[in-house]
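# Fold and contact review
Here's the letter readout for the chains.
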Amino acid sequence: MGSGVRFEPRLIADRYQLTAHLGHGGMADVYRARDTRLDRDVAVKVFHSVTDSIGHHRFAEEARILARLTHPGLVTVHDSGFSDGDPFLVMRLVAGKTLAARLADGPLPVLDVLALARQLAGILAYVHDVGIVHRDVKPSNVLLGDDEQAYLADFGISRLIGTGDRVTEAGKIIGTVGYLSPEQVLGADATRAVDVYALGLVLLECVTGRPEYEGIGVEAAIARLHRPPRVPDDLIAPLSTAIEAMTETKPERRPSMAECMTLLEGRPRSRRARRRRAVLGAATAGAAAVASVSVALLAGSGEITQPPALAPAVDHGERPTSSPAQEAPGPSGDLAAAGVGQPVHAPVTAIVPTNDATHGTGTGTGTGNNGHGKANGAGKGNGKGPRH
């Protein structure tokens, strides 16, 4: 099955004969190709015309990152270069389909999700150990090979930990809106914890068959600041325990990928590890609470521009009960050796005010100077005002 995009065969770098279009994203197109020199099929990722320094930097960064990675769950890079001014990467072609295409058919069996979770956690643990944050873990970047091996693809917006370089324009954070962590929405630097959070959302989507935070606009981005993901009550313990820990609002409360592997094996995290992460988190917390940030979703998912003064994340404690799983339509198509999502071109702008109000309801009906509207249910609102 093709991607639905009009395709014209052509030769890249006098060597790679493009034979089919596999996928399209905001940054690149991925093709099946024949290596005429070595007589083998490969995947060729051709970046859109790159004319600025940021685009060249992003291409060079992906090539550099992939060149230093060696793992069974990562797609091998064979070659890179430029053709007619367009940069390209040549990678191993994996037979299979993307996780996004598989989820278009509905949720995965729970035991399959658990097996997939263990594979992906192991891949990301390796990636993190060599000092890289992926920053765009999502179903369209997970490849399911016919050999039952899962692969993590598309390191186009990854970054080397400690470089201080986001590989993007000043004041912007890149990623895919449905899988951003709360701290990314607030403008904090991407640490390993953002991959942990995103993988938790991916696993939850595998169970329910739908994205937890649906949509492409600002509402989807800030939804995670006001409610945690809804994990089904009847989900088996290794998965439910791991997903709840991985999607904690505060990054310092999330396990490392190595700890995720422990949880997915049904073993608890060590108290020492939890204390260590809490201390590290306390030492770095607060930097993003009043961030002014533009969230530019350059990985094929749209653009959100948010003005100054974002509301800080709220620690909600109890997680809400999940609604029954629903099947949702999703992207489909053949497997690309570099996962790409479907682009959404229309930018969305919204204002997110910051004040001292919390989103609660109260037993009386009234209004408040600092509260949000009327209070009518169980609980209390913080606003004070005249009673009616």
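Below you will find a few notes about this structure.

## Some remarks on the overall build of the protein
- Each helix and strand in the protein was counted, giving nine helices and 15 strands.
- Counting all 388 residues of the protein, 50% fall into the buried class.
- In the protein, the share of contacts with a sequence separation of at least 24, taken over all contacts with a separation of at least 6, comes to 64%.
- Of the roughly 17800 Å² of accessible surface on the protein, a fraction of 51% belongs to carbon and sulfur atoms.

## Considerations on unusual backbone geometry
- Positive phi, normally seen in glycine, also occurs at Asp39, with a value near 55°.
- Within the secondary structure layout, Asp39 lies in the loop between strand E3 (28-35) and strand E4 (40-47).
- Asp39 sits in the exposed class, given a relative accessible area of 55%.
- A positive phi is found at Asp84, a non-glycine position, where the angle reads about 55°.

## Considering the sheet that holds E3
- One open sheet accounts for six strands, arranged E1-E2-E3-E4-E6-E5; its pairing is antiparallel. Either end of the sheet is taken by a strand with one partner, and the two such strands are strand E1 (11-12) and strand E5 (77-83).
- Two strands pair when backbone bridges link them, and E5 and strand E6 (residues 86-92) are joined in this way by six bridges, in the antiparallel orientation. Directly across from Phe82, in E6, lies its bridge partner Pro87.

## Overview of the packing of aromatic side chains
- Under the defined criterion, the tally for this structure stands at two aromatic pairs.
- Ring geometry for Phe7 against Tyr31: centres 5.9 Å apart, planes inclined by 40°, an arrangement best described as tilted. Taken together, the residues span a long stretch of sequence, with Phe7 in the segment before E1 and Tyr31 in strand E3 at a distance of 24 residues.
- Relative to Phe88, the ring of Tyr16 lies with its centre 6.2 Å away and its plane at 65°, an arrangement referred to as edge-to-face.

## Let's talk about the nonpolar core
- Counting residues in each nonpolar core, the largest one holds 61 residues, and the members touching the most others are Leu99, Leu116, Phe155, Leu199, Leu239 and Met257.
- Tyr16, Val44, Val46 and Phe88 belong to the second-largest nonpolar core, a separate cluster that totals 10 residues.

Definitions and limits used
- Residues numbered from 1 in each chain as written.
- Predicted model: local features only at pLDDT ≥ 70, side-chain atom pairs only at ≥ 80, totals over all residues.
- Heavy atoms only, no water.
- Helix = DSSP H or I, 4+ residues; strand = E, 2+ residues; numbered from the N terminus.
- Buried < 20%, exposed > 50% of the residue type's maximum accessible area, 1.4 Å probe, protein only.
- Contact = heavy atoms within 4.5 Å.
- Areas by Shrake-Rupley, 256 points an atom, 1.4 Å probe, with all protein chains shown as cover.
- Pairing = 2+ DSSP bridges.
- Phe/Tyr/Trp six-rings, centres within 6.5 Å; stacked < 30°, edge-to-face > 60°.
- Core = buried A, V, L, I, M, F, W, Y, C linked by side-chain atoms within 4.5 Å.

Everything listed here is a matter of geometry and, on its own, says nothing about what the molecule does.
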